[in-house]
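Architecture at a glance
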Amino acid sequence: MNLSHEEEENSLSLSKFESMLKTNKVFFFDSEEFEDIILHYMDTGRLNLAKKALKLGLEQHPKSTGLKLVQVEMLVYEDKLDIAEKLLNELYAIEPTNEEIYIQKANIHSKRDEHEKAISFLKIALKYTDDYADVYSMIGMEYLFMDNLELAKENFIKCLDEDTEDYSALYNVVYCFDFLDQNEEAIVYLNKFIDKNPYSEVAWHQLGRQYYALKNYEKAVWAFDYATLIDETFLGAYMEKAKSYEKLKKYQEAIDCYNITLELDDPSSFVLLRVAKCYERLGNTEFALNYYLKTVHEDPLLDKGWIAITDFYIRQKNYQKALYYVNKAIGIDGDNSLYWKRFAAVNTALHFFEEAEYGYRKAFESGDINLDTFTLWTDVLQYLGEFDTAIEILLEACNVLPDEYEMEYRLAGLYFLTDDVTKGNLHLINGMKLEPKHLSLFQELFPVVWERTEVQNTIAKFKK
């Protein structure tokens, strides 16, 4: 690897400084060398070495404004804001046109959550700086802290006008567009940016993401294509392109993109799972199962992987195999409500109703309070003849999920089965008030009750 002249000089300075520390000899460095050494140690988190370099630097160059500004940066880093501010005021008296003084004042005010003040100092820094891009980016960040996304976006755009390769600013601009739900505006901006910077793979990738958000998947693929043409190792672009192909039902093309990501990086359970689903949609069940198994091998704790295999076998109507895999999943994570719900569904399909009831109960105990959990659970209890338990569960569920016609019709039928005609009529009327079009659900679930004279009379009176 070839180092630039500047990088080579920095490397030599660091080696010379560390050699000095080991031998206790004192070498001379100019003030800029000391600044680079200190900032390097701060950037790499070696604060003790940074402090040693600062101490030696100030001993050799006691009047260096640059070193004193680095000292301010270190004080700000350590949250010694009052001391830093005092030192900055002394430096301001000496060099009132030094932009770094205003930038550090802004950093102090930002740390104090005084973002308006920080912005006012950064605007002064703009008068004296040559690096407009950096200052505009900092102003943008201050506006982000204040949740003023429009002004943040405006300043990040100004930053990019100065430095088109500041990808951090580009991501921040897109973040602002996304947060403001301005996908169309983002596309207009990114197209203009690409006109000036056609080889910016990041811009093409972000353009693809905007088209994807708008469900324009053809355009999304087109944009991601350019990103991967510019950078053939752009993992994220291949991934997004594959997802777009899936949306277009072009499953083989999606598989091809996912396979490229597997070549570029270590296998991920997410990619293996997506490949499995694509093969299944192509009707290639052998390859699908192979990739489902690879998914759980790669990440045995991935619930989506185990559920996917279970669902695969459910779709194949191979419930015994489905039961094997859902039991394996439960063995890994017995508190996962999704596993228990699938366990219940599979046992229901196998007509193991007691096991199914146990599964729904465990799903509920694991935190599942979805409507279908309560309805399926009580349907199983009804089949088992445990009407009172089913009623108790539905009444409890009504406190969590009020005004659900599915539960009202079920309560009505169960009360009629327990010969509580008054409550049966009450809940039947409630169900019809909520959703009269779905009265057929009541008939389907309780065909014998439906035929009763008192039930038909209640329905007839309601329809009048």
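Nothing here was measured: the structure is a model prediction, and the numbers come from that model.

1. Some remarks on the overall build of the protein chain
Helix and strand counts for the protein chain stand at 28 helices and zero strands. By the compact-globule yardstick of 23 Å for 464 residues, the protein chain is too spread out, its C-alpha radius of gyration being 33 Å. Considering only C-alpha atoms, the protein chain reaches an extent of 100 × 50 × 50 Å along its principal axes. Scored against the burial criterion, the 464 residues of the protein chain give a buried share of 45%. Partitioning the contacts of the protein chain with sequence separation of at least 6, the portion at a separation of at least 24 is 48%. Element-wise, carbon and sulfur atoms account for 49% of the exposed surface of the protein chain, whose accessible area totals about 24,800 Å². If you average the places of the 50 positive and of the 82 negative side-chain charges in the protein chain, the two averages end up 3 Å apart.

2. Here we look at the environment of Ser269
For Ser269, the position within the fold is in helix α16 (residues 269-281). Here the alpha-carbon distance between Ser269 and Lys294, two residues 25 residues apart in the chain, equals 7.9 Å. With residues near it in sequence (within four places) discarded, Ser269 still touches Thr295, Glu298, Asp299 and Leu302.

3. What about the nonpolar core?
Of all hydrophobic cores here, the largest spans 46 residues; its most connected members are Val135, Leu170, Tyr189 and Leu207. Elements supplying a minimum of two residues to this core: α6 (99-111), α7 (115-128), α8 (132-145), α9 (149-162), α10 (167-179), α11 (183-196), α12 (201-213) and α13 (217-230). A per-element tally of this core places α8 first, with seven residues. With residues near it in sequence (within four places) discarded, Leu170 still touches Leu160, Tyr189, Leu190, Phe193, Ser200, Val202 and Ala203.

4. Structural notes on helix α17 (residues 285-298)
End to end, α17 covers 20 Å across 14 residues, agreeing with the expected 20 Å (1.5 Å per residue, within 8%). The set of residues buried in α17 consists of Ala288, Leu289, Tyr291, Tyr292, Thr295 and Val296. Along the axis of α17, the buried residues cluster in a sector spanning 165°; they form a single face. Facing away from the buried surface of α17 by more than 90 degrees, the exposed residues are Glu286 and His297.

5. Thoughts on the UniProt feature "repeat: TPR" (unreviewed entry) in the protein chain
Taking the UniProt record as the reference, the feature "repeat: TPR" (unreviewed entry) is found at residues 133-166, 201-234, 235-268 and 303-336. In residues 201-234, the share of helix is 79% and the share of strand is 0%. The end C-alpha atoms are 8 Å apart.

Analysis parameters
- Residues numbered from 1 in each chain as written.
- Predicted model: local features only at pLDDT ≥ 70, side-chain atom pairs only at ≥ 80, totals over all residues.
- Heavy atoms only, no water.
- Helix = DSSP H or I, 4+ residues; strand = E, 2+ residues; numbered from the N terminus.
- Rg over C-alpha atoms; globule rule 2.2 N^0.38 Å.
- Buried < 20%, exposed > 50% of the residue type's maximum accessible area, 1.4 Å probe, protein only.
- Contact = heavy atoms within 4.5 Å.
- Areas by Shrake-Rupley, 256 points an atom, 1.4 Å probe, with all protein chains shown as cover.
- Lys, Arg positive; Asp, Glu negative; His and termini not counted.
- Charge placed at Lys NZ, Arg CZ, Asp CG, Glu CD.
- Core = buried A, V, L, I, M, F, W, Y, C linked by side-chain atoms within 4.5 Å.
- Expected span 1.5 Å × (residues − 1).
- Arc of directions from axis to C-beta.
- UniProt positions renumbered as here; feature names shortened; annotations may be inferred.

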